[in-house]
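# A closer look at the structure
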Amino acid sequence: MTYCLRQGVVLTLLFTISLLSACGFHLRGRVDINSELKTLSISGSHQHYTRELTRALQVGGITVSDSAPYTVNVIKVDEQTGDQNLLSAGRSEQQLTLKVTYQLETRDKLPLFNPVTLETMRFISLGQNQSNAAQSEKQLTFEELRQILIIQNVQRIANISKRELKAEEDRVREAQAQKQAADQSSTGQ
């Protein structure tokens, strides 16, 4: 059984590495993500995620600056640990889920598009008498899930064209102006 467990871990690592290399992720160096967005700002209360997202964008060739015309607002980062399902021989399985919700905004905090929620999950196998190892495995697994979502986050941001951004900003500003005009006419009567 130990051999099967080791083999499963090795196969999982190889699969993860192949996924990361297939999407263009590199540990060191600059990776150009060919985004039309060259400067962005990052905001949000989850410091670890925003710091990692900032680093990934910078490595991808996007400058992160407070004076950028658009901001990626990380609204929520939610780590969820599911109930343990008893397997056999003193082992159990637990589902770990990571959800990140973000929204693109203009410099003046005007929200563009709808908020986007990215989600990924993984099952881990736990032993009854290995609580420290289990906690460490959970932390490592959440870090892996975080990296997966950061890569997805960067790819989604990089795929937005300047034309799409401009069209969305014009649409939202027009809707805002119409709402203000309707509010003024209803209060004026």
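Residues numbered from 1 in each chain as written. Predicted model: local features only at pLDDT ≥ 70, side-chain atom pairs only at ≥ 80, totals over all residues. Heavy atoms only, no water.

## Details of the pairing of strand S1 (residues 39-44)
Convention followed: Criterion used throughout: strands pair if DSSP finds at least two bridges between them. The helix and strand labels rest on DSSP assignments: H or I over at least four residues marks a helix, E over at least two residues marks a strand, and numbering proceeds from the N terminus.
With two bridges joining them, S1 and strand S2 (residues 63-64) adopt parallel strand pairing. Bridge pairing links Thr39 to Thr63 in S2.

## Structural notes on the confidence of the model for the chain
Let me state the cut-off plainly: Values of pLDDT, ranging from 0 to 100, describe the predictor's confidence in every residue of the model. Should any heavy atoms of two residues lie within 4.5 Å, those residues are counted as being in contact.
Here the chain averages 83 in pLDDT, while 75% of its residues score no lower than 70. No element of the chain has a lower mean pLDDT than helix H1 (residues 2-22), at 57, and none a higher one than helix H2 (residues 47-59), at 95. Confidence over residues 26-31 falls short of pLDDT 50; this stretch has eight contacts with residues more than four positions distant or in other chains.

## Description of the side chain of Glu169
Rules: Partly exposed residues are those whose accessible area sits between 20% and 50% of the maximum for their type, while under 20% is buried and over 50% is exposed, using a 1.4 Å probe and protein chains only.
In this structure, Glu169 sits in helix H4 (residues 162-188). Since its relative accessible area comes to 15%, Glu169 is described here as buried. In contact with Glu169, other than residues within four places in its own chain, are Tyr70, Thr106 and Leu112.

## A short note on the pattern of salt bridges
Quick note on the threshold: Salt bridge criterion: a side-chain nitrogen from Lys or Arg within 4 Å of a carboxyl oxygen from Asp or Glu.
What the rule picks out here adds up to nine salt bridges. When the shortest N-O distance is used, the salt bridge between Arg55 and Glu52 registers 2.8 Å. Here Arg55 pairs with Glu52, and both are found in helix H2, just three residues apart, close to one helical turn. Taking the relative accessible area as the measure of exposure, Glu52 reaches 14% and is therefore buried.

## Considerations on the pairing of strand S5 (residues 111-127)
Pairing analysis gives 14 bridges linking strand S4 (residues 91-106) to S5, with the strands arranged antiparallel. By the bridge assignment, Leu104 is partnered in S5 with Leu112. Connecting the antiparallel pair S4 and S5 is a turn made up of four residues, with Lys109 showing a positive phi of about 70°.

## Re unusual backbone geometry
Although it is not a glycine, Lys109 sits at a positive phi angle of roughly 70°. Within the secondary structure, Lys109 is located in the loop between S4 and S5. Among the residues examined, Lys109 registers a relative accessible area of 53% and is labelled exposed. At Phe113, a position not held by glycine, the phi torsion is positive, near 55°. Its place among the elements puts Phe113 in strand S5.

## Side note on H2
What counts, and what does not: Expected helix span is given by 1.5 Å per residue-to-residue step, counting one fewer step than there are residues.
Compared with the 18 Å implied by 1.5 Å per residue over 13 residues, the 18 Å span of H2 between its first and last C-alpha is a close match. Looking only at H2, the buried set comprises Tyr49, Thr50, Glu52, Leu53, Thr54 and Leu57. Downstream of H2 by one or two residues, Gly61 has phi in the positive range, about 100°.

## Here's the deal with the environment of Gln58
As for its position among the elements, Gln58 is in helix H2. Judged by relative accessible area, Gln58 falls into the partly exposed class, the value being 41%. Sequence spacing of Gln58 and Lys38 is 20 residues, and the spatial spacing of their C-alpha atoms is 9.8 Å.

## Points about the nonpolar core
The criterion, for reference: Remark: nonpolar core denotes a set of buried residues (Ala, Val, Leu, Ile, Met, Phe, Trp, Tyr, Cys) joined through side-chain atoms within 4.5 Å.
Of all hydrophobic cores here, the largest spans 32 residues; its most connected members are Leu40, Tyr49, Leu53 and Val72. Mapped onto this core, the elements with two or more residues apiece are S1, H2, strand S3 (70-86), S4, S5, helix H3 (131-158) and H4. Among the elements that line this core, the one with the most residues is H3, at seven residues. Leave out the neighbours within four places in its chain, and Leu53 touches Ile42, Val72, Val74, Ile150, Asn153 and Val154.

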